[in-house]
Amino acid sequence: MTLTAAHPTSARVACSGCERTHRWKPERAGKKARCKCGGVLRFPREDPSRAREPEESHPLADDPDVEVVPLRTWREHWQRRTDNLLRMLALNLRKLEWMLAIDDETRVRFLELMHEVRATDDQLKAMFYPGVPTPIEGRNFGGKGFRSTWQEAIVGVGCALNQRRDEDDNYTGDVAAPLIRDLGVGLAMGYRPEEVLAAQLGKASSPMNGGRQGQGGRDLHWGDLDRGVLVATAPLAIAASTTTGLALAMRKRGESRVCVSFVGDGASSQGDWYESLNFAGVRKLPHIFFVQNNRVALGTAVGRQSAVDLFADKAAAAGIPSFTVDGANPEELYAATKVARVYAF
């Protein structure tokens, strides 16, 4: 048995062809019908005679002082977002200013250093593959090599750093912790190609001796703090922890110096790097983090170890402004480093 209750509505729908009106009924909701005159009747889905209840407004729309996240009101949250946007806009404009200020002499310096990197890299390749004859008959000296090919533009970062010395010729400038593929940083900070080759061959004349005179070098894990270059480390992310500690010491001493660490796309997924990034952000240390997406990562594809759209987005979690620049353009790297160095203070 079906019981149909009368629908107490006074709503009526007008015909499109005449002035006659027709009552709205639930069974007609959302349907079309024909009037006797041939006109079209369009019945709304809801009873038009029933006034809609006003929607309950969100408290944030009425009171900007409502706490939207712990210990932060909606007003404070919005102000912080706005400040971040304006800060990034200002930093990008400053980066553009630095790029436009690069003179021809600096561009020539970039080109010279990049040619040095490629020539040294080619010589290392010739040593790695065919090998170098040794005193033992029938044997060649080979070795493990990490190529700097296609990363020559990193010289722009080294050229942007302060490499000053005091009156006693002690190094008091910025400190960099390049990767073994960042040969350009070392050359830009004072290394000579023959010193790199001497280290690779284990020559006693190599300055990359770990502080032990006459001990020679050790492949491409090169560095010399007397030139502001920290020895390359393995695992790679450890260098970021070391430079973060150095940056903390510089801040406590009141020194106008910055530290720069480099990692690839793979090392940016390691815990050491994240902890260093977070600590530097909290303490507001004079530290610049470079993530080079060279798609190496010892064979791990980018999409298998990071889900961010841009590697620069990782800095947002630590409250650190970040840029995405062309790693094959030394001018962009130079300008970004200059801006980051000023911001670090």
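Each chain carries its own residue numbering, running from 1 in the written order of its sequence. For this predicted model, a pLDDT threshold of at least 70 governs which residues receive local features, and a threshold of 80 or more governs which side-chain atom pairs are given and counted, while totals over whole chains, interfaces and linings are taken from all residues. Water and hydrogen atoms play no part in the side-chain values, which are based on all heavy atoms of the structure.

**Let's talk about the packing of aromatic side chains**
Okay, step 1: Aromatic pairing here means that ring centres of Phe, Tyr or Trp (its six-membered ring) are within 6.5 Å. Orientation follows from the plane angle: under 30 degrees is stacked, over 60 is edge-to-face, and everything else is tilted. One pass over the full model with this rule turns up four aromatic pairs.
Okay, step 2: Judged by centre distance (5.4 Å) and plane angle (75°), the rings of Trp273 and Tyr274 are edge-to-face.
Okay, step 3: Among the residues examined, Tyr274 registers a relative accessible area of 37% and is labelled partly exposed.
Okay, step 4: Ring geometry for Trp273 and Phe289: centres 6.2 Å apart, planes at 90°, overall edge-to-face. Residue Trp273 is located in helix 8 (residues 271-283), and its partner Phe289 is located in strand 11 (residues 287-292); the two are separated by 16 residues in the primary sequence.
Okay, step 5: Each residue gets one of three labels from its accessible area relative to the maximum for its type: buried under 20%, exposed over 50%, partly exposed in between, using a 1.4 Å probe on protein chains only. The class for Trp273 is buried, based on a relative accessible area of 2%.
Okay, step 6: One aromatic cluster is present, formed by Trp273, Tyr274 and Phe289 through successive ring pairs. A run of H or I in DSSP becomes a helix once it reaches four residues, and a run of E becomes a strand once it reaches two; helices and strands are each numbered from the N terminus.

**A word on the pairing of strand 11**
Okay, step 1: Here strand 11 lies mainly inside the structure; five of its six residues are buried.
Okay, step 2: Two strands make a pair as long as DSSP finds a minimum of two bridges between them. One ladder, built from six bridges, connects strand 10 (residues 259-264) with strand 11; its direction is parallel. In the sheet register, Ser261 faces strand 11, and the bridge partner there is Phe289.
Okay, step 3: Read from strand 10 through helix 8 to strand 11, the crossover connection turns out right-handed. Note on handedness: a crossover is taken as right-handed if, strands pointing away from the viewer, the path from the first strand over the helix to the second is clockwise.

**Focus: the packing of helix 3 (residues 104-128) against helix 9 (residues 330-344)**
Okay, step 1: With their axes 10 Å apart at the nearest point, helix 3 and helix 9 run at an angle of 115° to one another. With respect to their mutual orientation, helix 3 and helix 9 come out roughly perpendicular. The element helix 3 and its partner helix 9 pack so that their crossing is right-handed. On the side of helix 3, the interface is formed by Arg107, Phe110 and Met114, while helix 9 contributes Pro330, Glu331 and Tyr334.
Okay, step 2: The nonpolar class holds Ala, Val, Leu, Ile, Met, Phe, Trp, Tyr, Cys and Pro. Asp, Glu, Lys and Arg form the charged class, and all remaining residues, Gly among them, are polar. Residues of the contact of helix 3 with helix 9, tallied by class, amount to four nonpolar, no polar and two charged. Structural elements are reduced to axes, namely lines fitted to C-alpha atoms, with helices fitted over the stretch in contact, and the angle between N-to-C directions of any two is expressed from 0 to 180 degrees. With respect to orientation, any angle under 35 degrees is reported as roughly parallel, any angle over 145 as roughly antiparallel, any angle of 65 to 115 as roughly perpendicular, and every other angle as oblique. The sense of a crossing depends on the near helix, which, turned anticlockwise from the far helix by less than a right angle, makes the crossing left-handed and, turned clockwise, makes it right-handed. Here, two residues are considered to be in contact whenever any of their heavy atoms come within 4.5 Å of each other.

**Some details on the sheet that holds strand 10**
Okay, step 1: Ordered in space as 9-10-11, the three strands form an open sheet in which the pairing is parallel. Bordering the open sheet on either side are strand 9 (175-177) and strand 11, each of which pairs with just one other strand. Each neighbouring strand pair of the sheet contributes to a mean axis angle of 15°, computed without reference to strand direction.
Okay, step 2: Across three bridges, the pairing between strand 9 and strand 10 is parallel. Across the sheet, the residue bridging to Val175 is Cys259, located in strand 10.
Okay, step 3: Of the strands in this sheet, strand 9, strand 10 and strand 11 touch helix 7 (residues 238-253), which is tilted by about 165° from strand 10.

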